[in-house]
Amino acid sequence: MPMKLYHFPPAPNPAKVLAYIREKGLDDIELVLVDFFNQEQTSPAHLARSPRGTVPVLELDDGTCLTESLPIIEYLEEQFPNPWMIGRTPLERAQVRSRERYIEMNILSRVIRLVHATRSPLGLPPNPGVAASEQARLPEALSHVNAMVGTGPFVCGAQPTIADCTLLAALNFARFGQIELAAEYAHLQEWFDQFALRHLQT
Ligand SMILES: N[C@@H](CCC(=O)N[C@@H](CS)C(=O)NCC(=O)O)C(=O)O
């Protein structure tokens with residue numbers, strides 16, 4: 001039985017894993033849609049895989065389910081080390097993970113809160129206070145990562161890594177939530193156009 005990745009296209013955490021799978025060429029992993037618009041995430045079948053009703057879920061060939069995006073990626077990287085997407089040495093892996101964590105905490109998490117506070121695809125009520133505070137904090141991180149991809153072409157240099165996958169999930173969810181990338185982040189826009197669009201499903 002092949003491994004299965006349960007996902008929902010607009011959702012950013014599965015988007016991170018999907019970008020990774022495509023970049024690695026892991027075509028044998030079966031992609032299974034969990035349709036949030038039809039509440040499939042709360043079906044007994046999905047809750048058996050993910051007790052909190054979340055995606056992504058990676059179901060292994062023995063039925064074991066992994067329910068956290070980054071551990072799913074780390075698991076796959078150990079199973080399929082080539083082409084490398086975390087690093088070849090302890091130092092390289094620490095550097096890639098540092099940038100990935102920075103992007104997750106300072107861009108992706110903020111974009112998720114901002115989108116859910118303005119145009120929540122889960123139907124959450126608007127929250128102008130949260131929206132304003134996340135919007136105020138995003139520019140510093142966007143400028144920092146704009147400089148990273150400016151010397152890139154990828155977040156960590158010459159080769160795409162898991163940091164690019166997390167950045168893709170963030171910018172794609174921002175686009176889904178109609179959050180414009182300001183013109184001053186020209187390197188980020190170029191990175192998005194050149195690297196990211198080949199992974200997008202929404
Ligand atoms: N920390 C988890 C978060 C998973 C998560 O919250 N996924 C969202 C989609 S991006 C979800 O399934 N939300 C449904 C819900 O909260 O009801 C991960 O990184 O995979």
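Residues numbered from 1 in each chain as written. Predicted model: local features only at pLDDT ≥ 70, side-chain atom pairs only at ≥ 80, totals over all residues. Heavy atoms only, no water.

Colleague: Quick rundown of the overall build of the protein? Include the residues and the values.
Modeller: For the protein, the count of helices and strands is seven helices and four strands. Along the chain direction, N to C, the helices and strands of the protein fall in the order β-α-β-α-β-β-α-α-α-α-α. The globule rule puts the C-alpha radius of gyration for 202 residues at 17 Å, and the 17 Å found for the protein is close to it. In terms of its C-alpha atoms, the protein occupies a principal-axis envelope of roughly 45 × 45 × 25 Å. (Helix = DSSP H or I, 4+ residues; strand = E, 2+ residues; numbered from the N terminus. Rg over C-alpha atoms; globule rule 2.2 N^0.38 Å.)

Colleague: Explain the packing of helix 6 (residues 162–176) against helix 7 (residues 186–194) residue by residue, including any values.
Modeller: Between helix 6 and helix 7, the least distance of the axes is 11 Å, while the angle of their chain directions is 100 degrees. With respect to helix 7, the axis of helix 6 lies roughly perpendicular. Only Leu-188, Trp-191 and Phe-192 of helix 7 make contact with helix 6, whose side of the interface consists of Asp-164, Leu-167, Leu-168, Leu-171, Asn-172 and Arg-175. When the residues that make up the contact of helix 6 with helix 7 are grouped by side-chain class, the tally is six nonpolar, one polar and two charged. (Axes fitted to C-alpha atoms, helices over the stretch in contact; angles between N-to-C directions. Parallel < 35°, antiparallel > 145°, perpendicular 65-115°, else oblique. Contact = heavy atoms within 4.5 Å. Nonpolar A, V, L, I, M, F, W, Y, C, P; charged D, E, K, R; others polar.)

Colleague: Mind laying out the state of the cysteines, listing which residues take part and the relevant values?
Modeller: Applying the stated criterion across every chain yields a total of zero disulfides. Not engaged in a disulfide, the cysteine Cys-156 finds its nearest cysteine sulfur in Cys-165; these two sulfurs lie 11 Å apart. Classification of Cys-156 as partly exposed rests on a relative accessible area of 27%. (Disulfide = S-S within 2.5 Å. Buried < 20%, exposed > 50% of the residue type's maximum accessible area, 1.4 Å probe, protein only.)

Colleague: So what's going on with the pairing of strand 1 (residues 4–7)? Which residues, and what values?
Modeller: Burial of strand 1 is two-sided: the residues Lys-4 and Tyr-6 facing one way and the residues Leu-5 and His-7 facing the other way are all buried. Here strand 1 pairs with strand 2 (residues 30–33) via four bridges, running parallel. Each residue of the ladder has a partner; that of Tyr-6, found in strand 2, is Val-32. Viewed along the sheet, the connection from strand 1 through helix 1 (residues 12–24) into strand 2 turns out right-handed. (Pairing = 2+ DSSP bridges. Right-handed = clockwise from strand over helix to strand, strands pointing away.)

Colleague: How would you summarise the site of the ligand if you had to cite specific residues and measurements?
Modeller: The local shell around the ligand consists of Ala-11, Pro-12, Asn-13, Pro-14, Phe-36, Thr-54, Val-55, Pro-56, Thr-67, Glu-68 and Ser-69. Val-55 is positioned such that a nitrogen or oxygen atom in its backbone is 2.8 Å from a nitrogen atom of the ligand. Contacts to the ligand include Glu-68, whose side-chain N or O atom sits 2.7 Å from a nitrogen atom. Take the shell around the ligand: its biggest share by element is three residues, from helix 1. Split by residue class, the shell around the ligand holds six nonpolar, four polar and one charged. (Near = heavy atom within 4 Å. Polar contact = N/O pair within 3.5 Å; in protein donor to acceptor, adjacent residues only side chain to side chain.)

Colleague: Quick one: what's the story with the domain arrangement of the protein, residue by residue and with numbers?
Modeller: Segmenting the protein into domains produces domain 1 (4–79) and domain 2 (90–199). Relative to domain 2, the C-alpha centre of domain 1 lies at a distance of 21 Å. For the pair domain 1 and domain 2, the two sides together bury roughly 1,400 Å², of which 66% comes from carbon and sulfur. Per-residue buried area on domain 1 facing domain 2 is highest for Pro-12, Lys-16 and Glu-23; these three make up 37% of the total on that side. Between domain 1 and domain 2 we count two salt bridges in total. Across the contact surface, domain 1 and domain 2 share two residue pairs in polar contact (both at pLDDT 80 or more). Elements with a contribution of two residues or more to the side of domain 1 that touches domain 2: helix 1 and helix 3 (69–79). Element by element, the count of residues in the side of domain 1 that touches domain 2 is highest for helix 1, at eight residues. (Domains from an automatic or database assignment. Buried area = accessible area lost by both parts, 1.4 Å probe. Salt bridge = Lys/Arg side-chain N within 4 Å of Asp/Glu carboxyl O.)

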